[in-house]
Amino acid sequence: MERVYIGLGSNLTEPAEQLRNAIKAMAQLPDTQLAAVSSFYISDSLLPGQPRYTNAVAALDSALAPLALLDGLQGIELDQGRERHERWGPRTLDLDILIFGERLIDEPRLKVPHYHMQARAFVLYPLAELAPDLQLADGRTLEQLLAACPFEGLERLPASL
Ligand code: ROI
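Residues numbered from 1 in each chain as written. Predicted model: local features only at pLDDT ≥ 70, side-chain atom pairs only at ≥ 80, totals over all residues. Heavy atoms only, no water.

Peer 1: Would you mind going over the overall build of the protein in detail, with residue names and values included?
Peer 2: Across its full length, the protein holds four helices and eight strands. Sequence-ordered secondary structure for the protein, helices as α and strands as β, is β-α-β-β-β-α-β-β-β-α-α-β. For 161 residues, the compact-globule estimate of 2.2 N^0.38 gives 15 Å, and the protein sits close to it at 15 Å. A principal-axis box enclosing the C-alpha atoms of the protein has dimensions of 35 × 35 × 30 Å. (Helix = DSSP H or I, 4+ residues; strand = E, 2+ residues; numbered from the N terminus. Rg over C-alpha atoms; globule rule 2.2 N^0.38 Å.)

Spelled out as structure tokens, the structure:
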């Protein structure tokens, strides 16, 4: 089993409900257990002109290979009505593998640690709820990334699940 952190995001069709459904679906993935879920956070889209996003991070313990887990997550995205139009477009559900055990993965379909997590408050703050002492496989600590990324613009929801 390896500890895996998943970033969840949605800005269409009842975002909080999308995240709750995705969490239930991830708990049903083969050879995988749901270990923890962060609070939900709301923030403006990094791209103007889109609805606000709801984001969270979940911790899984999984015996799946990284690409098998990615297939499972993409299946959940499709089940929840994800349509791939333009890159960075609004979406009912986005599931990103942020961290996969101690692994550094550089494949066409999957790069881990997730390339964009380092500067995104809506990823780093929920991740810090679950793993404040996390060190990335490339040596950087979550504490360092947080220090460079203000909480600014995030709204933490009191009740999430
Ligand atoms: N903005 C926020 N706040 N949350 C996201 O998950 C998110 N995802 C995206 C873009 C459009 C970059 N902006 C986002 O893909």
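Peer 1: For the pairing of strand E4 (residues 53-62), give the residues involved together with the corresponding values.
Peer 2: The buried count for E4 comes to ten of ten residues, which makes it a mostly enclosed element. Going residue by residue along E4, you find Tyr53, Asn55, Val57, Ala59 and Asp61 tucked away on one face and Thr54, Ala56, Ala58, Leu60 and Ser62 tucked away on the opposite face as well. With nine bridges joining them, strand E1 (residues 2-10) and E4 adopt antiparallel strand pairing. Counterpart to Gly9 in the pairing with E4 is Asn55. Bridge count between strand E2 (residues 32-37) and E4: five bridges; the pairing is antiparallel. Bridged to Leu34 within E4 is Leu60. Both strand E3 (residues 41-43) and E4 contribute to a ladder of three bridges, which runs antiparallel. Residue pairing across strands places Ser43 opposite Tyr53, the latter belonging to E4. (Buried < 20%, exposed > 50% of the residue type's maximum accessible area, 1.4 Å probe, protein only. Pairing = 2+ DSSP bridges.)

Peer 1: Please set out the packing of aromatic side chains residue by residue, giving values where relevant.
Peer 2: Considering all chains together, one arrives at two aromatic pairs under this definition. Seen from their ring centres, Tyr41 and Phe151 are 6.3 Å apart, and the 70° between their planes marks the pair as edge-to-face. Here Tyr41, found in strand E3, pairs with Phe151, found in the loop between helix H4 (142-147) and strand E8 (155-156); they are 110 residues apart in sequence, far enough to count as distant. Taking relative accessible area as the criterion, Phe151 reaches 36% and is therefore assigned partly exposed. Measuring from centroid to centroid gives 5.0 Å for Tyr125 and Phe151, while their planes differ by 85°, and the two rings are edge-to-face. Of this pair, Tyr125 sits in helix H3 (residues 121-130) while Phe151 sits in the loop between H4 and E8, and the two are 26 residues apart along the sequence. (Phe/Tyr/Trp six-rings, centres within 6.5 Å; stacked < 30°, edge-to-face > 60°.)

Peer 1: So what about the site of the ligand? Which residues, and what values?
Peer 2: Residues in close proximity to the ligand include Ser43, Asp44, Ser45, Leu46, Gln50, Tyr53, Asn55, Trp88, Arg91, Arg120 and Phe122, which together make up its full environment. Side-chain polar atom of Asn55 to an oxygen atom of the ligand: 2.8 Å apart, as the coordinates give it. In the complex, 95% of the free accessible area of the ligand, which totals 350 Å², lies under the protein chains. Classifying every residue of the shell around the ligand gives four nonpolar, four polar and three charged. (Near = heavy atom within 4 Å. Polar contact = N/O pair within 3.5 Å; in protein donor to acceptor, adjacent residues only side chain to side chain. Areas by Shrake-Rupley, 256 points an atom, 1.4 Å probe, with all protein chains shown as cover. Nonpolar A, V, L, I, M, F, W, Y, C, P; charged D, E, K, R; others polar.)

Peer 1: Requested: an account of the layout of surface pockets, with residues and values cited.
Peer 2: Empty space within the largest pocket amounts to approximately 1,100 Å³. Around the largest pocket sit 40 residues that line it, and Trp88, Arg91, Asp94, Asp96 and His114 are the ones nearest its centre. Listed by contribution, the elements that provide at least two residues to the lining of the largest pocket are E1, E4, helix H2 (66-79), strand E5 (94-100), strand E7 (110-112) and H3. Per-element accounting of the lining of the largest pocket gives the leading share, five residues, to E5. Within this model, the second largest pocket holds a volume of roughly 160 Å³. Taken together, 13 residues line the second largest pocket, and the ones lying closest to its centre are Ser43, Leu46, Ala121, Phe122 and Glu152. (1 Å grid on protein atoms, 1.4 Å probe; cavity = no way out; pocket = protein on both sides within 12 Å on 5 of 7 lines; lining within 4 Å. Points joined across faces, edges and corners; volume = space filled by probe spheres on them.)

Peer 1: Describe in detail H2, supporting the description with residues and values.
Peer 2: In a regular helix each residue adds 1.5 Å, so 14 residues correspond to 20 Å; H2 covers 20 Å between its end C-alpha atoms and thus fits that length. Three or more residues of H2 are buried, namely Pro66, Leu69, Leu70, Leu73, Ile76 and Glu77. Around the axis of H2, the buried residues are gathered within 120° of arc, so they sit on the same side. Among the exposed residues of H2, those pointing more than 90 degrees away from its buried face are Leu78 and Asp79. (Expected span 1.5 Å × (residues − 1). Arc of directions from axis to C-beta.)

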